[in-house]
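Structure at a glance
If you want the building blocks of each chain, they are given just below.
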Amino acid sequence: TRQVFYTGARLGLYDIFTEAAKVPGEKMPFWKTTVCALSAGGIAAVIGNPADLSLIRMQTDSMLPVAERRNYTGVGNAFSSIVRDEGVGGLFKGALP
């Protein structure tokens, strides 16, 4: 799940950014390629964060004391539980420093 969101966003954004940065008839300089790649990767990381957070929460849930477990039944349940309990912003915990 997380790889679908992250990789899809990263590759799609990279294509969009490189097309916008190209000058017809010129080879794109290394610095422009680097800026496009870093921007696409950074934005994709934020886009993929909700899926990553849901999977990590599902994995760590079994390590919590029984009284604190959320008992997620799947990724969709984890998504909806996080939004219900913490708001939409809860999906982006850890996305920013």
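The coordinates are above.
Read on for a plain summary of the structure. (Residues numbered from 1 in each chain as written. Predicted model: local features only at pLDDT ≥ 70, side-chain atom pairs only at ≥ 80, totals over all residues. Heavy atoms only, no water.)

1. Structural notes on the pattern of salt bridges
Counted according to the given criterion, the structure contains four salt bridges. Put simply, glutamate 19 and lysine 22 hold a salt bridge, and the shortest N to O gap is 3.1 Å. The exposure class of lysine 22 is partly exposed, given its relative accessible area of 45%. Here arginine 57 ties to glutamate 86 by a salt bridge, and the two come within 2.8 Å at their closest N and O atoms. One end of the pair, arginine 57, is in helix H2 (residues 30-61); the other, glutamate 86, is in helix H3 (residues 75-86), with 29 residues separating them in the sequence. For arginine 57, a relative accessible area of 12% puts it in the buried group. What makes glutamate 86 partly exposed here is its relative accessible area of 29%. Overlapping salt bridges, with partners in common, bring together Arg57, Glu86 and Lys93 in one network. (Salt bridge = Lys/Arg side-chain N within 4 Å of Asp/Glu carboxyl O. Buried < 20%, exposed > 50% of the residue type's maximum accessible area, 1.4 Å probe, protein only. Helix = DSSP H or I, 4+ residues; strand = E, 2+ residues; numbered from the N terminus.)

2. Re H3
With 12 residues, H3 should reach 16 Å at 1.5 Å per residue; the first-to-last C-alpha distance of 16 Å fits that figure. Within H3 the residues assigned to the buried category are Ala78, Ser81 and Ile82. When H3 is viewed along its axis, its buried side chains cluster within an angular range of 100° and face the same direction. Set apart from the buried face of H3 by more than 90 degrees, the exposed residues are Gly76 and Arg84. One or two steps after H3, the chain reaches glycine 87, where phi turns positive at roughly 85°. (Expected span 1.5 Å × (residues − 1). Arc of directions from axis to C-beta.)

Functional significance is not addressed by these values, which are geometric in nature.
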